[in-house]
Structures are given as structure tokens and as C-alpha cells.
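Residue-level structural notes
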Amino acid sequence: MWLYYLKLGLRSLRRSPTLTVLTVLMLATGIAACITTWTVYHLLSGDPLPDRSGQLFYVRLNPTPPGVEAADRLAPLMSYQDASALRQLAPQIEQTPVALGTIVIGSMAGKPRPSTAEGLLGRAPMFGLFAMHFRYGGPWSAADDASHARVVVLSEALNRQLFHGENSVGRVLPVGMHDYRVVGVLRPWSPQPRFYALSLGNRSYGGADGAFMPVTTQMDDGFVPENINCYAEPDFRHLARAPCVWLGYWVQLRSRPDQQAYRRLLAGYAGQQKSQGRFASARTGLDDLRAWLIHRKVVPEDVQLQANIAFGFLWICMVNTAGLLLAKCLRRSREIGTRRALGASRGAIFAQFLAESVAVGLAGGALGLLLSLAGLWAVRQQPVAYAALAHLDGSMFMLAWGVALAASVLAGLLPAWRASVLAPASQLKAM
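In this report, we go over the structure that sits alongside the text. All figures in this text were calculated on a predicted structure; none of them were measured in a lab.

Looking now at the overall build of the protein chain. Check the secondary structure of the protein chain and you find 14 helices and 12 strands. Residues classed as buried in the protein chain amount to 48% of the 431 residues present. When contacts within the protein chain are restricted to residue pairs at least 6 apart in sequence, long-range pairs at least 24 apart make up 75% of them. Total accessible area on the protein chain is roughly 20,300 Å²; 58% of this is exposed by carbon and sulfur atoms.

Written out as C-alpha cells, the structure reads:
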């Protein structure tokens, strides 16, 4: 019967094409605005590591010396001295400091000109913590960290650029004034947002880093961090002892007892540093990945506002669609009265007009998807870091049809009800 009602609805829509087009356009505009803004919001607010976001924690201390303004504020970064001390206090825990910087790649065979790449520095556990998988080779070892070995892991994109995508494990890469040995090549890895870079002076969204190297080695070779804050005169040649914060710090804590134990360890370490006069405050912070993203406000406020406005606009479009469908229904009162006199029940009339609304919704959904693609294309032209991510994925495609059907049914409830309660006798007398 629903196919029959849908056929009747389509025939009715063809009888008043102008009103039908206005109704479809109204609904499609609201769906397009909703899907466009919520696609962007969905991409920006996603979990970059859904399998381990509840186990991966970001560590914060308050390394501000006594007498410095804002001494009660937790810092997003820490010094190498504190990072080393925390690692020694809990060597059994998987943990790594991280830093960002630009590395200079020297001349190579076939590439006579130097080039630059974004580098991510850390320790050997970084690859396991951040769920990096390898196409060739593997990570460097803890012994490489300890011996300050000049080793490097390449991203797939940089390996393609430098070595034409071949297995480059064992090859030599000139970085700065030294030669580094390639030990691994990653599979595509580009979590969005780039959670590890939020406090390191780099963009929160976009392309992945190109080279991954031991932080200990890069300090020997004169590395300058992307983001560094010093409480005294900095000495970039001796970052290990410099009174500067420039490292993010991540730990993996698999259970609640582990988390509680690590919080106690942090509190004990901060209290000790305060008693020694290094820290002005013993406050500490330990945020899991999602809490850290919320704290850093990775979703811009204007994107959240646009998403809320889009839903309000969709509601307005639904109300207007309901008004147009109701006007169309009242114009067909004699037809409804005739059908009721011939034996059609109220339920049949209600189903017929609801099926007509669903037909409008399907047409509006199809047009709304096309308008959404145009809207996302416009977003990709914007000069913002997340612009390149604005693409319609499978979940948002299904959401678009779900919104279209829900909007059409809600908009069609009042007209369908109004049509079902019309008294057939009065309509027949007026004929």
C-alpha cells in the first residue's frame, strides 16, 4: 500500500510543480546547511586514536620558578630535565617526550638542492604510543636513545619524495651537518586533529610530519624547538640543562590503579621540586587524550556556533515546508472528501499525505547532498588549517539521508493529520 500511496503523492506533486519546487528547495537548503556545518564539526571533533584515547595521558607540571608572574598556572610543556626525571621515576611505563621542529635535508643523488621537512622528535616508545605502523623496517631501539644514535624514521610521503617509495631502510639521509641512517618507513599516519602538536607551536590540523628522530640525538646536533619558553637566558646548545620548557609529555596508563599511582608519583615529584625551590607550585595535571583535546579547544568556537545556527536554520526550513504542504493539502480538500466518501479511511488519507512528504524529503535530500558538496568545496577554499579535511564521508552521507527523511516526516505530520480529519460531507456539499 505504501508504494501505492507514494505513487499518488508523486502524481499530486506533478500537478503543482511550482509549489513542489519551492518545497523541495526549502528542505534542501536546510539539509545542505546542516550537513555542511556538521561535517566540518564531525571532522574537527573526532577522536584521533579511538582505540587508546582512554589510556593515553598528557602530563603537565608547573615549572614556573618562584617570583615569576602566573606561578599558579599549569604549563603545557616541560623541560628536558623534568622529562628525564619522570622517565627515571617510572621506567616500566610506556612514555615519551615529543617536540616539533624543521629539519634541513642536505643534497642527495638526484636532488642537488637542500630541502626541509617537518620533524617530530621523541623516544622509541613514541611509535607504539601513537599507533604508528610500518611499511618497511621498524622503530629505533631504547639503546639508540641511550647512545644518541643518528637514526631516522621517514613518513611514506617523504620516503616517496626522497627514495621514490622504495625500501630505504639502511640508506643514509643527510640532515644538517650529519648523516642519519634510515631504520623504518611508516605507513600513512595522519591523526586529525594532530593531538601531539597542540602545544608545540605547530598547526592542529593538516598534513603529517615527514621525519621522526630521537630527541637525544637532535639536541646534540643543535636542534631548535618549534615552541620554547625560557625562564632565564637560553642556551640552545645545551637544551638538556637549559631553564626552558619545550617538550610535550605522553604516558600510557592502561588501568585506573595505574592512573592513580601515576598521579601520586607526579604529586610527589612536584612537591619535591617545590621544596627544593625550583617550582613555585606543586600543582600537576594528567589528562587523557579526549580531555586534553577539550582543554585545548581544538574545535574553533565559530565552527560550533555555525553548527548550532545550521540546526536552527533547518528547523525554520522544516516549519516553512510544513506550511507549504499544509497549504497544498487545504487546496485538495474536495479530492480528500471524495476519497473519504468512496471508502478511504482516515489512516489511508494520513498515510497518503505522509508518503507525499517522504517523496519531497527524498528529493530534498538528493538536492541537499549536491548543495552540501558545493558547500564543502567552498570550505576547502578557506585559508584555515582544517580546510583540506572538509570532505563528505560515509557516516555523514548516511546522516544526510536520515536528516532528510526525519525532516520530511516531521514537516508532513501536521498536513497529513489535517487531511485525515477533514469532514467529507462538508466538502461534498461544496462541490
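Those residues of helix α3 (residues 80-89) that sit buried are Y80, D82, A83, S84, A85 and L86. Summarising the contacts, the buried residues of α3 are in contact with β1 (56-60), β2 (95-105), α7 (215-220), β11 (248-252) and α8 (256-275).

Right, let's talk about the state of the cysteines for a bit. Within this structure, the stated rule accounts for one disulfide. For C230, the disulfide goes to C244, at an S-S distance of 2.0 Å. With the S-S bond torsion at 100°, the cross-link from C230 to C244 turns out right-handed. Highlighted residues: C230 in strand β9 (residues 229-230) and C244 in strand β10 (residues 244-245), separated in sequence by 14 residues.

Burial along strand β5 (residues 151-154) is two-sided: the face carrying V151 and V153 and the face carrying V152 and L154 are both buried. Of the strand pairs in this sheet, β5 and strand β8 (residues 211-214) are connected by two bridges, and their pairing is antiparallel. Each bridged residue has a counterpart across the sheet, and for V153 the counterpart in β8 is F212.

On to the packing of helix α12 (residues 346-380) against helix α13 (residues 394-420), then. Running from N to C, α12 and α13 point in directions that differ by 150°, and their axes come no closer than 7 Å. Relative to α13, the crossing made by α12 is right-handed. Looking at side-chain class alone, the contact of α12 with α13 contains 18 nonpolar, six polar and one charged residues.

Moving on: the packing of aromatic side chains. As enumerated under the stated definition, the model contains 18 aromatic pairs in all. Note on F130 and Y196: the rings are 6.0 Å apart at their centroids and 25° apart in plane angle, and the pair reads as stacked. Taken together, the residues F130 in the loop between α4 (126-129) and β4 (134-137) and Y196 in the loop between β7 (178-186) and β8 connect sequence positions 66 residues apart. For the pair F130 and Y196, a shared accessibility class is recorded, and that class is buried. An aromatic cluster is defined as three or more aromatic residues linked by ring pairs; in this entry it consists of Y58, F127, F130, F134, W140, W189, F195, Y196, F212, W250 and W292.

On to the packing of α3 against α8, then. As a packed pair, α3 and α8 sit with axes 11 Å apart at the nearest point and diverge in direction by 130°. By the angle between their axes, α3 is oblique relative to α8. As for the relative orientation of α3 and α8, their crossing is right-handed in sense. Of the residues in α8, those in contact with Q81, D82, A85, L86 and L89 of α3 are Y262, L265, L266 and Y269.

A complete count under the given rule lists nine salt bridges for this structure. A salt bridge links E156 to R135, with the nearest nitrogen and oxygen atoms 2.6 Å apart. Highlighted residues: E156 in helix α6 (residues 156-163) and R135 in strand β4, separated in sequence by 21 residues. For D209, the salt bridge goes to R194, with nearest N and O atoms at 2.8 Å. One end of the pair, D209, is in the loop between β7 and β8; the other, R194, is in the loop between β7 and β8, and 15 residues separate them in sequence. Taken together, the shared-partner salt bridges in this structure form one network comprising E118, R194 and D209.

Thresholds applied
- Residues numbered from 1 in each chain as written.
- Predicted model: local features only at pLDDT ≥ 70, side-chain atom pairs only at ≥ 80, totals over all residues.
- Heavy atoms only, no water.
- Helix = DSSP H or I, 4+ residues; strand = E, 2+ residues; numbered from the N terminus.
- Buried < 20%, exposed > 50% of the residue type's maximum accessible area, 1.4 Å probe, protein only.
- Contact = heavy atoms within 4.5 Å.
- Areas by Shrake-Rupley, 256 points an atom, 1.4 Å probe, with all protein chains shown as cover.
- Disulfide = S-S within 2.5 Å.
- Pairing = 2+ DSSP bridges.
- Axes fitted to C-alpha atoms, helices over the stretch in contact; angles between N-to-C directions.
- Left-handed = near helix turned anticlockwise from the far one by under 90°.
- Nonpolar A, V, L, I, M, F, W, Y, C, P; charged D, E, K, R; others polar.
- Phe/Tyr/Trp six-rings, centres within 6.5 Å; stacked < 30°, edge-to-face > 60°.
- Parallel < 35°, antiparallel > 145°, perpendicular 65-115°, else oblique.
- Salt bridge = Lys/Arg side-chain N within 4 Å of Asp/Glu carboxyl O.

Limitation: the analysis is restricted to geometry and does not speak to function.
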